[in-house]
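# Structural description and commentary
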Amino acid sequence: MSAPEGNDELGRQVDDSMRLFQRSQVGPTELIAGVKPTRVVAVLDGSPQDEATIESAIHLRDVYNTETVLLDESPPNASMITGDGETTNNELAVAAVNRISGSRPLPRREGEPFESILAAVSAVDPDLVIVPCPLGRSLESLGADSTGTVADMLLARCPKPILFMRRETAHLQQAVQDVQMLVGAESHMHLRAAGWVFGLIGEGGKLSLNLVIDREHFENIRAIVEALHPEDDLDVSEFSRAMTETHKKLHTAMQRTANERNLSYALRPQTAEVAPPHPLDDDSQNLLVMSLEAGDQFNAGFVRDRLRRSPHPVLVITDPNKVFAQVDQ
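Definitions and limits used
- All chains use their own residue numbering, which begins from 1 and follows the written sequence.
- For a predicted model such as this one, the threshold for reporting local features is a pLDDT of at least 70, and the threshold for listing and counting side-chain atom pairs is 80 or more; totals across whole chains, interfaces and linings nevertheless cover every residue.
- Excluding hydrogens and water, the side-chain values take into account all heavy atoms of the structure.
- Strands here mean DSSP runs of E at least two residues long; helices mean DSSP runs of H or I at least four residues long; both are numbered from the N terminus.
- For every residue, the accessible area obtained with a 1.4 Å probe (protein chains only) is divided by the maximum for its type, and the residue is called buried under 20%, exposed over 50%, and partly exposed between those limits.
- In what follows, residue pairs with any heavy atoms lying within 4.5 Å of each other are defined as contacts.
- Computed by Shrake-Rupley with a 1.4 Å probe, the accessible areas treat only the displayed protein chains as cover when residues are assessed.
- We define a salt bridge as a contact between a side-chain nitrogen of Lys or Arg and a carboxyl oxygen of Asp or Glu at a distance within 4 Å.
- Only buried residues count toward a nonpolar core, which is a set of Ala, Val, Leu, Ile, Met, Phe, Trp, Tyr and Cys residues joined through side-chain atoms within 4.5 Å.
- The rule for pairing is simple: two strands pair if DSSP sees at least two bridges between them.
- Note on handedness: a clockwise path from strand one over the helix to strand two, with the strands aimed away from the viewer, defines a right-handed crossover.

Counting secondary structure elements, the protein contains twelve helices and ten strands. Every one of the 329 residues in the protein was classed for burial, and the buried ones make up 49%. In the protein, 80% of the contacts between residues at least 6 apart in sequence involve partners at least 24 apart. As displayed, the protein has an accessible area near 15,600 Å², and 50% of this comes from carbon and sulfur atoms.

Here you go:
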């Protein structure tokens with residue numbers, strides 16, 4: 001018995017849609033232009049991470065001639081509050097000026113640290129914000145799962161890329177020689193993140209595009225497939241191939257750009273259990289890069305999970321189109 005005409009038409013529409021999708025993924029790709037920061041806000045907090053933050057700012061100054069605006073977010077005393085809502089506790093920022101050429105201190109605003117940082121971002125309009133994570137405490141003292149409310153609020157509200165410094169022994173100059181871009185789902189932000197990858201990676205460095213399969217996400221998809229097609233059994237390898245096809249355009253662009261610049265490149269579909277970051281006691285030097293699309297709750301959970309697991313510096317490319325919670329100046 002032949003299939004109903006309506007089913008044939010639906011099948012043709014599906015086939016046409018799939019071919020159009022595949023063409024969009026494998027079509028001509030341009031080289032990815034590297035993003036080079038010109039102005040950064042570097043946050044100091046009196047924790048051991050300050051040294052890593054200052055070294056990162058020095059590296060960016062040496063390579064990109066960046067202007068550095070320093071913000072002291074160490075806990076203020078009540079006597080430090082001025083009448084105009086600013087505080088006078090900028091000793092850390094003033095001291096760091098002597099180490100970073102082209103830098104200047106910025107008085108912090110009264111209020112929560114994340115409010116002061118957002119106010120500085122609004123006033124200075126930097127390309128990048130460097131923040132210790134967790135703010136005010138060392139990673140070693142708190143251990144795993146330690147990111148803090150400041151990181152959460154900045155991820156939710158800051159429209160500028162954020163470089164989270166996790167470990168006091170991190171050295172950005174070394175970390176940019178091994179850059180790993182993590183992708184958990186499709187997003188329009190991935191090419192923007194790739195631009196930062198190629199802007200920051202060191203000469204002759206290696207990079208990887210890690211397509212991370214979250215176990216819960218995989219199980220949800222498998223449950224849907226099995227409900228629709230009980231005879232089918234979706235395994236991780238098939239899911240990996242599907243993710244690779246979905247991100248083929250991104251992969252091709254990154255591969256071509258890496259070849260043009262004589263960089264080592266690898267595509268790594270992998271489960272979340274084995275994907276970066278490495279264990280907290282791993283002393284290797286890597287830079288992890290992720291993108292964070294506004295309103296994408298799955299992606300937000302993925303970024304936060306990777307951040308809290310990481311001992312490495314983590315660069316999060318936030319969505320510039322998100323609603324920026326302005327702080328009164």
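Before going further, it helps to spend a moment on the pattern of salt bridges. For the coordinates displayed, the defined rule picks out ten salt bridges. Across the pair Glu73 and Arg108 runs a salt bridge, and its minimum N-O distance is 2.9 Å. One end of the pair, Glu73, is in the loop between β2 (67-72) and α3 (91-97); the other, Arg108, is in the loop between β3 (103-106) and α4 (113-124), with 35 residues separating them in the sequence. Considered together, Glu73 and Arg108 belong to a single accessibility category, that of buried residues. Ionic pairing is found between Lys206 and Asp178, a salt bridge with its closest N-O pair at 3.9 Å. With a gap of 28 residues between them, Lys206 in strand β7 (residues 206-213) and Asp178 in strand β6 (residues 178-183) connect regions that are remote in the sequence. Assessed through its relative accessible area of 17%, Asp178 is described here as buried.

Ranked by internal contacts, the top residues of the largest apolar core, which has 45 residues, are Met181, Leu207, Met254, Leu287 and Leu315. The dominant element in this core, judged by the number of residues it contributes, is helix α8 (residues 190-200), at six residues. Contact partners of Met181, with chain neighbours within four places excluded, come to His190, Ala193, Ala194, Val197, Ser208, Leu209, Asn210, Leu250, Met254 and Val289. Counting 35 residues, the second-largest nonpolar core is a separate cluster that includes Leu106, Val131, Leu135 and Leu154.

Moving on to the pairing of β2. Along β2, five of the six residues are buried, which leaves the element largely enclosed by surrounding structure. Of the pairings in the sheet, the one linking strand β1 (residues 39-44) to β2 comprises six bridges and is parallel in character. When the bridges of β2 are listed, Arg39 appears paired with Glu67. For the handedness criterion, the β-α-β arrangement of β1, helix α2 (residues 49-64) and β2 is classed as right-handed.

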